[in-house]
Every structure is written in structure tokens, then in C-alpha cells.
Amino acid sequence: MQDEKLNPEAEIVADGAEQEFGYIDAAELDALKAERDEMRDKYMRALADAENSRRRADRDRREAEQYGGSRLSRDLLPVHDNLKRALEALGDEQRAQSAAFVEGVELTLRELHSIFTKHGVRVISPAVGDVFDPQEHEAMFEAPVPGTVKGTILQVMGDGFMLHDRLLRPAQVGVSSFPG
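Residues numbered from 1 in each chain as written. Predicted model: local features only at pLDDT ≥ 70, side-chain atom pairs only at ≥ 80, totals over all residues. Heavy atoms only, no water.

### Digging into the side chain of H80
Note on placement: H80 falls in helix α3 (residues 70–89). Overall, the relative accessible area of 1% leaves H80 in the buried class. Within the local environment of H80, its side chain forms a polar contact with the side chain of H113, the two groups lying 2.9 Å apart. In this structure H80 touches L109, L112, H113, F116, D159 and F161, once residues within four positions along its chain are discounted. (Helix = DSSP H or I, 4+ residues; strand = E, 2+ residues; numbered from the N terminus. Buried < 20%, exposed > 50% of the residue type's maximum accessible area, 1.4 Å probe, protein only. Polar contact = N/O pair within 3.5 Å; in protein donor to acceptor, adjacent residues only side chain to side chain. Contact = heavy atoms within 4.5 Å.)

### Details of the nonpolar core
Grouped together as the largest cluster of nonpolar side chains are 13 residues, with contacts concentrated most on F116, V121, F161 and L168. For this core, the elements supplying multiple residues, two or more each, are α3, α5 (99–118) and β6 (160–163). Contact partners of F116, with chain neighbours within four places excluded, come to L76, L77, H80, V121 and F161. (Core = buried A, V, L, I, M, F, W, Y, C linked by side-chain atoms within 4.5 Å.)

### With respect to the confidence of the model for the protein chain
Mean pLDDT over the protein chain works out to 87, with 87% of the residues at or above the 70 mark. When mean pLDDT is taken per element in the protein chain, strand β8 (residues 171–176) scores highest with 96 and strand β2 (residues 18–19) scores lowest with 46. Confidence drops under a pLDDT of 50 for residues 1–5, and excluding neighbours within four residues, the segment shows 4 contacts in the predicted structure. Long-range and interchain partners of residues 12–19, a stretch whose pLDDT sits below 50, account for 11 contacts in this model, where long-range means more than four residues apart. (pLDDT = per-residue confidence, 0-100.)

Written out as C-alpha cells, the structure is:
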């Protein structure tokens, strides 16, 4: 009968044996609490892991959307360079003789520029006299030219290109190393 005081939910069965409903000793209660805490911890970790996976997948999707065309863009850069070189190589006499051809090449180059712009590719075109920026320029040579400031661009050999905020190819330049 003393167990009835400890456990009010226990009931006496006809044969005199006690049937327990909800009576748990302290050790078993502690074990259940520890198991509950462990399950809660596992649940919270799984929830955090799922959230991190969702964020990572979202970031990867955005990056693939923005930078997925970088390989194609890089492959088109020599086409841009060759069209530009072809136009620069023509003299005035050749331009006059082949005006329609030159116009076609210029239109093709403009179309390529508009496609680049549409897809987030920006041309880096430094000018002679600009300051050398190692983030966007590649120094092909350094020369101590009198009358120039160290770190000034002396010659531009090729344009650079950015895809959104990533460098596809640095602009190729010659830089002054004159100490004065």
C-alpha cells in the first residue's frame, strides 16, 4: 500500500498485484531525460545542417547562374582580340577599298560587345598614362622611361575582361619603372 502513496496512478488488480501506469524511478527518468536531450541535440543539428545545405545550394545556384558562362566567355576572348587586331591593322587606303568589309567587322565587334554586356562581361581598356592596378592589369614588361612616374602604364598590348566581379583575363600592359 505504500507504493500507492508514491504512485497515485497505480491500480490494484484483482489478484492483488499492482499494475503500474506512468510510475518511473529516478534513474529511469534521468536516462529518459538524457535520451530526450540527445534526440533534441541531434534534431537541432540536423535542422541546422539542412538549413546550411539549403543556403549552400542557393549560393551555388546563384553562382552557376552568374558565372556558368565563364568558360564560354573565356573562349570568345580571342575572337574579340582578333577582330580588334584586324581593324587596327588596316590602313586608310585599305579601309577605303574595303569599306563594306570593314563595316561588317566593326558591326561584328559591336555585336560581340553587346553580347558580352548582356551576360555581365566588361572590357577592361586601360589607357597609356593610367596607374597600374595589379587586380586588373598584368605587367608584360617594365621599362625605366624618363619623364614618367613609376607604376604608370606605358603601353597597352591587350584588353582585359571581367565577368561580373571576377577577372576573366587581366589587361596586358607595359609599366614604367623609372624611379623619379
